[in-house]
Amino acid sequence: MGTFEDFYSIPRLYDILHAPGTMSDVRVLRRLRRAHVPRHEGPDVWLEPGCGTGRYLRAAARLKVRGIGFDSEPKMVAFARRTARDAGVCQSQTGEGDGGVRIFAARMEDFASGRRLPPVTMAFNLINTIRHLTSDRAMVEHLRSVGGVLRPGGVYVVGISLCAYGLESITEDVWKGSRDGVRVSQVVQYIPPAGARGESARNERVISHLTVRTGVGKRVRERHIDSTYALRGYNLAQWRDVVSRGGLRVVGVTDGEGVPATPREPGYYLFILARDGQDPGPAQSARGARRTRGLRARP
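Just so it is clear, the model here is predicted, and its values are computed rather than measured.

Conventions we followed
Residues numbered from 1 in each chain as written. Predicted model: local features only at pLDDT ≥ 70, side-chain atom pairs only at ≥ 80, totals over all residues. Heavy atoms only, no water. Pairing = 2+ DSSP bridges. Helix = DSSP H or I, 4+ residues; strand = E, 2+ residues; numbered from the N terminus. Axes fitted to C-alpha atoms, helices over the stretch in contact; angles between N-to-C directions. Parallel < 35°, antiparallel > 145°, perpendicular 65-115°, else oblique. Left-handed = near helix turned anticlockwise from the far one by under 90°. Contact = heavy atoms within 4.5 Å. Buried < 20%, exposed > 50% of the residue type's maximum accessible area, 1.4 Å probe, protein only.

> Sorry, what's going on with the pairing of strand 10 (residues 221-232) here?
Bridge analysis of strand 1 (residues 3-4) against strand 10 gives two bridges, and the strand direction is parallel. Note on strand 10: the bridge partner recorded for Phe4 is Asp226. For strand 9 (residues 203-214) and strand 10, the ladder comprises 12 bridges, and the chain directions are antiparallel. Each residue of the ladder has a partner; that of Leu210, found in strand 10, is Ile225. Linking strand 9 to strand 10, which pair antiparallel, is a turn of six residues; within it Gly215 sits at a positive phi near 85°.

> How should the packing of helix 5 (residues 136-149) against helix 6 (residues 236-245) be read in this particular structure?
Helix-helix packing is characterised by the crossing angle of the two axes and by the distance between the axes. Helix 6 packs onto helix 5 with a crossing angle of 50° between their chain directions and a minimal axis gap of 8 Å. Classified by the angle their axes make, helix 5 and helix 6 are oblique. Seen along the crossing, helix 5 lies across helix 6 with a hand that is right-handed. Residues Asp136, Met139, Val140, Leu143 and Arg144 of helix 5 form the contact with helix 6, whose own contacting residues are Trp239, Val242, Val243 and Arg245.

> Help me understand unusual backbone geometry in this model?
Residues apart from glycine generally show negative phi values, whereas peptide bonds are mostly found in trans. Cis geometry marks the peptide bond from Glu265 to Pro266, where omega comes out at -5°. Residue placement: Pro266 occurs in the loop between strand 11 (248-254) and strand 12 (267-275). The phi dihedral of Lys64 falls on the positive side, at around 65°, and the residue is not glycine. Tracing the backbone through its elements, the reader meets Lys64 in the loop between helix 3 (55-61) and strand 3 (66-71). Even without glycine at this site, Ile127 takes up a positive phi of about 40°. Residue placement: Ile127 occurs in the loop between strand 5 (120-125) and helix 5. Accessibility expressed as a relative area gives 5% for Ile127, which makes it buried.

Okay, structure coming up:
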C-alpha cells in the first residue's frame, strides 16, 4: 500500500519517467512547424502551456529555439527553472536571438494577462495535458489566450486523445525510467468517461501507482506513491466545437509521428490549429526522417 501524493508535485520523478525520447518528440514538432508556418523575420519562439519540468523546452533550446513555458504547479516551475539554468539554456544566459528558456507560473486560462510576450511562432501542448482544464469554458478561454499571442501564420499543436463514449474499456500503461541511481516504474489505469448527461460523466479517471527504488543489493529502499486525477473528455464534435469557440480552426491533423491522419474516436492525434481567418501555412509534407519513438498518448 502506498502513500497518497500528487504525482505532478514530484517533478524529479516525473522527469525521470518522461524524459526519454524528448528530443525525438521535439524534432516532430520542428517538422510540423516547418510544414505549417510560413518563413518570417525574427526569432523562432515556441510556447508550451503546462510545461511541467520544461523537458521539451530544454531540448528545443539545443536547436536554437527560444522557449517560453508556464505551469500552475510551483514545484514544477522551480524545477524547470533550475534544470534550464543547470543546462545553460536560460534566456538570461543567451543572446536575444539565440535559444533560451523562460519559465513562469500561470494558469492556462489567462497566462498572458499582464505579461509582455514576444510573437509566438508555434505553441504546443502534448500527451493530453490540455485535458486537465476542467470545463469547456476554461478550454475556450485557454484557446483564445493562445491565439492572442500567436504571430501571423503561427500555429498551436495540441496532442489529444479523442473519446468514444460508451465504447472504451479500462486500459493500463506501464512507464519505467532511471537516473542517478533512482529507478522509477509507474502503472497507470485509465477508466474511460461514460459520456452520459452531467459534467462528471465526461471525466476520465486516472489512477497511478509509482514504485521508487534507490540503492543496490541489500541496501535497496523502496517507496510506493499512489495518486488519482481526472482528464476531461472530448469526442471529435466536442473538440471541434471548443476550437471554433476559441477563435481557432484546424489546419492539419497527424498521428503521434507527425504523419497526416484522419481523426477517429477513440484515438490520439496532433491537431494543428491556427487563428480563424488567417491563411494556412505553406503546403509542405509533414512527413520527415524516421523516428524510433512516437509521442505518447497518455500524460
